[in-house]
Amino acid sequence: MRSLFRIALLLVNADRRAMARGAALSVVVLVMGAALLGLSGWFVTATGLAGIAGIGIAFDVFRPSAGVRFLALGRTAARYGERLLTHDATLRALAALRVVLLRGHARETAAGFARLRSEAELTRILSDVDALDGVILRLILPVVSAVVTHLVVFAALAWLVGWPVAWVILAGYLPLAALVFMRLARRGVAPSKSVEETGQRLRRGVIDMMRDRTALILAAQLPDRERAMRELEAHGRDEARVLDRVERDAGAMITVLVALVAMGAFVTGAWMLDAGDIGPAKAVIGVFVALALAEALMPLRRGVSEIGRMTGAAERVVPRTVEPSVRHPDPRESSAVLLEIDRPNLSIRLEPGEAVALTGPSGVGKSSLLMDIAGLGNDSGIRIAGAAPGAWPEDRLRGMIAALPQRSALVAGTIRENLELGRAADDAVLWRALDAVMLSDDVRARGGLDARLGESGAGLSGGQSRRLSLARVILREPRILLLDEPTEGLDAATADAVLRGVRDSLPRTAVLAAMHRGSDHDLFDRRIKMTAAL
């Protein structure tokens, strides 16, 4: 609940004026509804009594009827404005939440960014933000409006009818309604959390099934996966039915509460009438007002029943909204050796300008080792200029190391934009990087640096995409360059020219390359074979 409270404060503080405007109109709508029903009850009773007494001709029906019309029309207009302002406040709050969340993710390390690429993580983030959009509309504003409305009605009834009726309605509604909603929140936590988690698992499962459908068909596993998805969906429906039953039970209890409070107001009004404190028409006002106040309670059921879902989302989101207080130490280079690896079955020392080819069978861990060096995994036994990768501030580590993984990312846009993801540079520098990877002729044939690529670099062959990614890495001018199969998909002559271009462009850079073929190239000073997983 503490996390949910912090999220609530963040959302409310996003735009306090917008939130106050929405809450004020919500209160106006509820107060006008209670006044409309109270005035209508008084009017009907008073006109009936006047008719019975034979003085109906003298009874002023114009002012009360005008008041009824004013309240009815005013309530409709206020409801329209309330919808606009509360949704405006909610959208402003959610926009602020998204900005804070984005800033939190922007503080991630490279390992954190790598996790964000997974479908599971992205689905969870979207679902959490969706869950928190109900904090304002279905929880904060309804609670504030209900409490303020009851206090306003209490004061009005005390003035118009008398303190006994006012106390019966206030003491009957606020504490008993609080007990009903506390019970709803307690019983709804588990099923609402389960519904949310099941929904996320179902979405991830469907995405995975669509993405891997070819492999599932070939392995004859599609029916089994579909069966698992159907079972998961059935479980989610069962939990949703439990949550719906809990919410309906709370609704039934509120209905009973409304009836009891209305009855209490009726008995108290009759007692005051019998004592001669008020007239018959005023005695019924409390009954109608008590019935009208049900409008302030019923909307709370939905929000309270989803507290479990909101709390779970808040617990996951809050860590991303807090500036971390722990800072990595700022190490200084304490070694002339740029890269040291001391792990079982593997020892490597790399100085500026050296290049090492890392060979070994598939699955032995070459790619994983490169990611560990880049600070994206376990950095035990690894030293960058004398300090572990995790000890370096993220910006300094990224300034020292550049990596070309097996799967490199290109974006929809121009070739220039893809290159400048590495470093902004003038055209001459960009062309030199393209020359180094033997790609400049292909780029000119496509129309130059401003030629556009499709999603994920569509329009280039696999080898061209690989070389464009390598050119982007060269632009970084790193002190340590990690290459994972840099010549995959290239013919021997192009592969030779690309490796020579890398060395000519980065003569003082230490290079560590995982290679299946081409490890005998004279770029490499040494070849180290990995025989066992680290």
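Scroll up to find the structure.
Quick caveat: nothing in here was measured; it's all calculated off a predicted structure.

J.: Mind showing me how you'd approach the overall build of the protein here?
T.: Along the backbone of the protein there are 21 helices and 10 strands. Against the globule reference of 24 Å for 534 residues, the protein gives a C-alpha radius of gyration of 35 Å, more extended than a compact globule. Principal-axis analysis of the C-alpha atoms gives the protein an extent of 115 × 50 × 45 Å. In the protein, the share of contacts with a sequence separation of at least 24, taken over all contacts with a separation of at least 6, comes to 79%. Taken as a whole, the protein presents about 26800 Å² of accessible surface, with 60% of it coming from carbon and sulfur. If you average the places of the 67 positive and of the 58 negative side-chain charges in the protein, the two averages end up 5 Å apart.

J.: Is there a simple way to think about the sheet that holds strand β1 (residues 339-343) in this case?
T.: Sheet strands associate in pairs through backbone hydrogen bonding, adopting either a parallel or an antiparallel arrangement. Spatial strand order, β2-β1-β4: 3 strands in an open sheet with antiparallel pairing. Both edges of this open sheet fall to β2 (346-350) and β4 (382-384), since each of them pairs with a single strand only. Each strand of the sheet is rotated relative to its neighbour by a mean of 10°, with strand direction disregarded. Note: β1 against β2, 5 bridges, orientation antiparallel. Its bridge partner lying in β2, Leu339 is registered against Leu350. Across the sheet, helix α15 (residues 366-373) touches β1, β2 and β4, and the angle it forms with β1 is around 125°.

J.: I would appreciate a short explanation of the packing of aromatic side chains in the present structure.
T.: Ring pairs (aromatic) are described by centroid distance and by the angle formed between their planes. For the coordinates displayed, the defined rule picks out 2 aromatic pairs. With a centroid separation of 4.7 Å and 65° between ring planes, the pair formed by Phe154 and Trp167 is classed as edge-to-face. In this pair, Phe154 is assigned in helix α6 (residues 134-160) and Trp167 in helix α7 (residues 163-211), connecting sequence segments 13 residues apart. On the basis of relative accessible area, Phe154 is assigned to the buried category, the value being 13%. Put simply, the rings of Phe154, Trp163 and Trp167 touch in pairs and so form one group of aromatic residues. Seen from the ring of Trp431, Arg444 lies directly overhead, with NZ or CZ sitting 4.3 Å from the centre.

J.: Help me out: how do you make sense of the pairing of β1 in this one?
T.: If a strand is regular, its side chains alternate between the two faces of the sheet. Most of β1 is tucked away: 4 of the 5 residues are buried. Counting the residues in the hairpin turn of β1 and β2 gives 2 residues, including Asn345, whose phi is positive at 70°. Judged from the 3 bridges that link them, β1 and β4 form a sheet pairing that is antiparallel. Directly across from Ile341, in β4, lies its bridge partner Ile382.

J.: How should I be thinking about helix α18 (residues 427-436) in this particular structure?
T.: Turning to α18, its buried residues are Val429, Leu430, Trp431, Ala433, Leu434 and Ala436. The inward-facing, buried residues of α18 contact α17 (415-419), α19 (440-446), α20 (462-476) and α21 (492-505). At the exit of α18 stands Met438, carrying a positive phi of roughly 60°.

J.: Explain the pattern of salt bridges to me, please; I cannot follow it from the model alone.
T.: Pairing is possible between side chains of opposite charge, provided their charged atoms come close. The full count for this structure, using the stated rule, is 25 salt bridges. In this structure, Glu354 and Arg526 form a salt bridge, with 3.5 Å as the shortest nitrogen-oxygen distance. With a gap of 172 residues between them, Glu354 in the loop between β2 and β3 (355-359) and Arg526 in strand β10 (residues 526-529) connect regions that are remote in the sequence. For Arg526, a relative accessible area of 29% translates into the label partly exposed. One salt bridge connects Arg444 with Asp441, and the closest N-O pair in it is separated by 3.9 Å. Residue Arg444 and its partner Asp441 are located together in helix α19, separated by 3 residues, close to a single helical turn. It is possible to trace a salt-bridge network through shared partners that takes in Arg75, Arg79, Glu82, Arg83 and Glu295.

J.: Would you explain unusual backbone geometry in this entry?
T.: Leaving glycine aside, a negative phi is the common case for residues, and trans is the common case for peptide bonds. Phi angles above zero are rare outside glycine, and Ala220 is one such case at about 55°. Within the element layout of this structure, Ala220 appears in the loop between α8 (213-218) and α9 (222-274).

What counts, and at which threshold
Residues numbered from 1 in each chain as written. Predicted model: local features only at pLDDT ≥ 70, side-chain atom pairs only at ≥ 80, totals over all residues. Heavy atoms only, no water. Helix = DSSP H or I, 4+ residues; strand = E, 2+ residues; numbered from the N terminus. Rg over C-alpha atoms; globule rule 2.2 N^0.38 Å. Contact = heavy atoms within 4.5 Å. Areas by Shrake-Rupley, 256 points an atom, 1.4 Å probe, with all protein chains shown as cover. Lys, Arg positive; Asp, Glu negative; His and termini not counted. Charge placed at Lys NZ, Arg CZ, Asp CG, Glu CD. Pairing = 2+ DSSP bridges. Axes fitted to C-alpha atoms, helices over the stretch in contact; angles between N-to-C directions. Phe/Tyr/Trp six-rings, centres within 6.5 Å; stacked < 30°, edge-to-face > 60°. Buried < 20%, exposed > 50% of the residue type's maximum accessible area, 1.4 Å probe, protein only. Lys NZ or Arg CZ within 6 Å of the ring centre and 35° of its normal. Salt bridge = Lys/Arg side-chain N within 4 Å of Asp/Glu carboxyl O.

So, to be careful, I would describe these as geometric facts and stop short of saying anything about function.
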